[in-house]
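What follows is each chain in one-letter form.
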Amino acid sequence: MATAMEVDIPKQSTSDNTEDDFILPWVEKYRPIYLKDIVGNEDVVARLMTIAKDGNMPNLILTGMPGIGKTTSISCLAHDMLGASYKDAVLELNASDDRGIEVIRNRIKAFAQKKVTLPPGKHKIVILDEADSMTGGAQQALRRTMEIYSNTTRFALACNQSNKIIEPIQSRCAVLRYTKLTDEQVLRRLLEICQMEKVNYNDEGLEALIFTADGDMRQAINNLQSTFYGFKYVNAENVFKICDQPHPIVIQHILKCCSEGNLNDSVKCMEELYYLGYSSLDIITTIFRVVRSYDELDEGLRLDYLKEIGMTHMRILDGHQSIMQLSGMIARLCKVSSPSKK
């Protein structure tokens, strides 16, 4: 995986001290506060540190996959820049909920007009999470607001797809692109939290957490906490029960049957998965991720498999989610693997 963001754990009390600690989500409990706590995405973090040091913050667009620290980064930047003034000088909104034009005209405009005493050269900061969910009208209103209050207020927009932000806003912002976390970064973070929270686990459980997270640190930590609270022990079986995803071992068995041209067994296993209640999208997504790292298949065959899986994935996204789509994919995988095809 590409290099991504990972954080050091602040020194805090363990969860067995108070009831408040017990109910606090670990993803919030161990969220970094300052930029110095952030590790990974070195170029992006270095740029943010320079901005914090100089105090000359431009409008920002932070884009990348979910759960890799976009909102956390801008929050850390605001803490580093504003210090004790953070509470009064920062407005944070989730644009997927507050995404209409009235929010821009009322809440954001009122905040931009508010008088706040700040150190020289500092600005108030508006953080808009999930900004790519904002309506077109709201984005046009935001563009105008950014122009009018550019002397006192800076805007930071976190989004998954920057191409959904209108061009006039993109041209007024510096774009920072985040990449997914590596398995090693996720593993190190999980091990640290397990130590802090006294979590009982085995290696297979941590591997399952990494597999289900797929580079999303937030999901990895949430799955760890859910598994520990639900079963008091983190192993592969418990993780996949909590996450409700098909087990990779079952998927590997299906792929092995396909590679041997054993159509009946592979279709039977696929039907068993489907009738256990897993959605077609969950099944096809897990198959795709398993094939990418399934070393028992040679590279050429894996590429052929990925082509067929991708076509089936497209059909499922179009709404064709019956078992017939999955069975047809299995038949095509067996055909690709047959000696006559080779």
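What you are looking at is a predicted structure, and each value in this text was computed from that prediction instead of being measured.

**Focus on the side chain of threonine 212**
So, point 1. Tracing the sequence through the fold places threonine 212 in helix α10 (residues 203-213).
So, point 2. At 3.5 Å, the side chain of threonine 212 forms a polar contact with the side chain of asparagine 223.
So, point 3. Contacts of threonine 212, omitting those with residues within four sequence positions, involve Gln219, Asn223, Val239, Phe240, Cys243, Gln245 and Arg289.

**Observations concerning helix α4 (residues 70-82)**
So, point 1. Taking 1.5 Å as the rise per residue, α4 with 13 residues should run 18 Å; its terminal C-alpha atoms sit 18 Å apart, in good agreement.
So, point 2. Counting buried residues along α4, 11 of its 13 residues qualify, which places the element largely inside the surrounding structure.
So, point 3. All of the buried residues along α4 are Lys70, Thr71, Thr72, Ser73, Ile74, Ser75, Cys76, Leu77, Ala78, Met81 and Leu82.
So, point 4. Positive backbone phi, approximately 60°, marks glycine 83, located one or two places after α4.

**Focus: the nonpolar core**
So, point 1. Counting 80 residues, the largest nonpolar core has Leu60, Leu77 and Tyr305 as its most contacted members.
So, point 2. Examining the composition of this core, we find that seven residues originate from one element, helix α17 (residues 323-337), more than from any other.
So, point 3. Sequence-distant contacts of leucine 60, defined by excluding residues within four places in its chain, comprise Leu48, Ile51, Ile74, Leu77, Phe155, Ala156, Leu157, Cys173, Ala174 and Leu176.
So, point 4. Judged by nonpolar contacts, the second largest core, of 22 residues, contains Phe111, Leu157, Ile166 and Ile169.

**Quick look at the sheet that holds strand β3 (residues 60-63)**
So, point 1. Sheet architecture is open: five strands sit in the order β4-β5-β6-β3-β7, paired in parallel fashion. Two strands close off the open sheet at either side, each with one partner strand: β4 (90-94) and β7 (174-177). On average, each strand axis in the sheet is tilted by 15° relative to the strand beside it, whichever way the strands run.
So, point 2. The sheet contact formed by β3 and β7 spans four bridges and is parallel. In the sheet register, leucine 62 faces β7, and the bridge partner there is leucine 176.

**Let's talk about the state of the cysteines**
So, point 1. In this structure the tally under the stated criterion is zero disulfides.
So, point 2. With no disulfide partner, cysteine 243 has as its closest neighbouring cysteine sulfur the one in cysteine 194, 14 Å distant.

**So, the packing of helix α15 (residues 280-292) against helix α16 (residues 299-317)**
So, point 1. Interhelical geometry of α15 versus α16 gives an angle of 160° and a closest axis separation of 10 Å. With respect to each other, α15 and α16 are oriented roughly antiparallel. Of the two elements, α15 crosses α16, and the hand of that crossing is left-handed. Listed contacts from α16 to Ser280, Leu281, Ile284, Thr285, Ile287, Phe288, Val291 and Arg292 of α15 are Arg302, Tyr305, Leu306, Ile309, Thr312, His313, Ile316 and Leu317.
So, point 2. For the contact of α15 with α16, the per-class residue count stands at 10 nonpolar, four polar and two charged.

**Structural notes on the domain arrangement of the chain**
So, point 1. For the chain, the assigned domains read domain 1 (26-177), domain 2 (183-243) and domain 3 (248-337).
So, point 2. Contact with domain 2, which involves five residues of that partner, is made by five residues of domain 3.
So, point 3. Carbon and sulfur atoms make up 58% of the area that domain 2 and domain 3 hide from each other, which totals about 410 Å².
So, point 4. In terms of surface lost to domain 3, no three residues of domain 2 exceed Phe211, Asp214 and Phe240, which account for 94% of the buried area on that side.
So, point 5. Linking domain 2 with domain 3 are two salt bridges.

**What about the environment of leucine 273?**
So, point 1. Examined against the element boundaries, leucine 273 turns out to sit in helix α14 (residues 263-275).
So, point 2. When the C-alpha positions of leucine 273 and leucine 181 are compared, they lie 29 Å apart, and in sequence the two are 92 residues distant.

**What to know about the pattern of salt bridges**
So, point 1. Summed over the entire model, instances satisfying the criterion amount to 12 salt bridges.
So, point 2. A salt bridge links glutamate 147 to arginine 144, with the shortest nitrogen-to-oxygen separation between them at 3.0 Å. One end of the pair is glutamate 147 and the other is arginine 144, both in helix α7 (residues 136-148) and three residues apart, which spans about a single turn.
So, point 3. On the basis of relative accessibility, which here comes to 46%, the residue arginine 144 falls in the partly exposed class.
So, point 4. Close ionic contact of glutamate 308 with arginine 332 constitutes a salt bridge, the shortest N to O distance being 3.0 Å. Placement of the pair is glutamate 308 in helix α16 and arginine 332 in helix α17, with a sequence separation of 24 residues.
So, point 5. Classification of arginine 332 by relative accessible area gives partly exposed; the value is 28%.

Basis of the calculations
Each chain carries its own residue numbering, running from 1 in the direction its sequence is written. In keeping with the model being predicted, local features are shown solely for residues with a pLDDT of at least 70 and side-chain atom pairs are shown and tallied solely at 80 or more, while totals for entire chains, interfaces and linings include all residues. Hydrogen atoms and water are omitted, and side-chain values are computed over all heavy atoms in the structure. Segments assigned H or I by DSSP are reported as helices when at least four residues long, segments assigned E as strands when at least two residues long, and all are numbered from the N terminus. The definition of a polar contact used here is a pair of N or O atoms within 3.5 Å, where within protein one atom must be able to donate a hydrogen and the other to accept one, and adjacent residues in sequence count solely through side-chain atom pairs. Should any heavy atoms of two residues lie within 4.5 Å, those residues are counted as being in contact. The span expected for a helix works out to 1.5 Å for each residue beyond the first. The cut-offs for exposure are 20% and 50% of the maximum accessible area for each residue type, with area from a 1.4 Å probe on protein chains only; residues under the lower value are buried, those over the upper are exposed, and the others partly exposed. Here, nonpolar core refers to any group of buried Ala, Val, Leu, Ile, Met, Phe, Trp, Tyr and Cys residues whose side-chain atoms link them within 4.5 Å. Two strands qualify as a pair provided that DSSP identifies no fewer than 2 bridges between them. Think of each axis as a best-fit line through the C-alpha atoms, taken over the contacting stretch in the case of a helix, with angles from 0 to 180 degrees between the N-to-C directions. Disulfides are defined in this document as cysteine sulfur pairs within 2.5 Å. When describing relative orientation, an angle under 35 degrees is termed roughly parallel and one over 145 degrees roughly antiparallel, while 65 to 115 degrees is termed roughly perpendicular and anything else oblique. Two helices that cross are described as forming a left-handed crossing if the nearer one is turned anticlockwise from the farther one by less than a right angle, and a right-handed crossing if clockwise. Lys, Arg, Asp and Glu make up the charged group, whereas Ala, Val, Leu, Ile, Met, Phe, Trp, Tyr, Cys and Pro make up the nonpolar group; the residues left over, Gly among them, are polar. As used throughout, domain bounds are those supplied by an automatic or database domain assignment. Once two parts are put together, the accessible area they lose, assessed with a 1.4 Å probe and summed over both, is termed the buried area. Each reported salt bridge corresponds to a side-chain nitrogen of Lys or Arg within 4 Å of a carboxyl oxygen of Asp or Glu.

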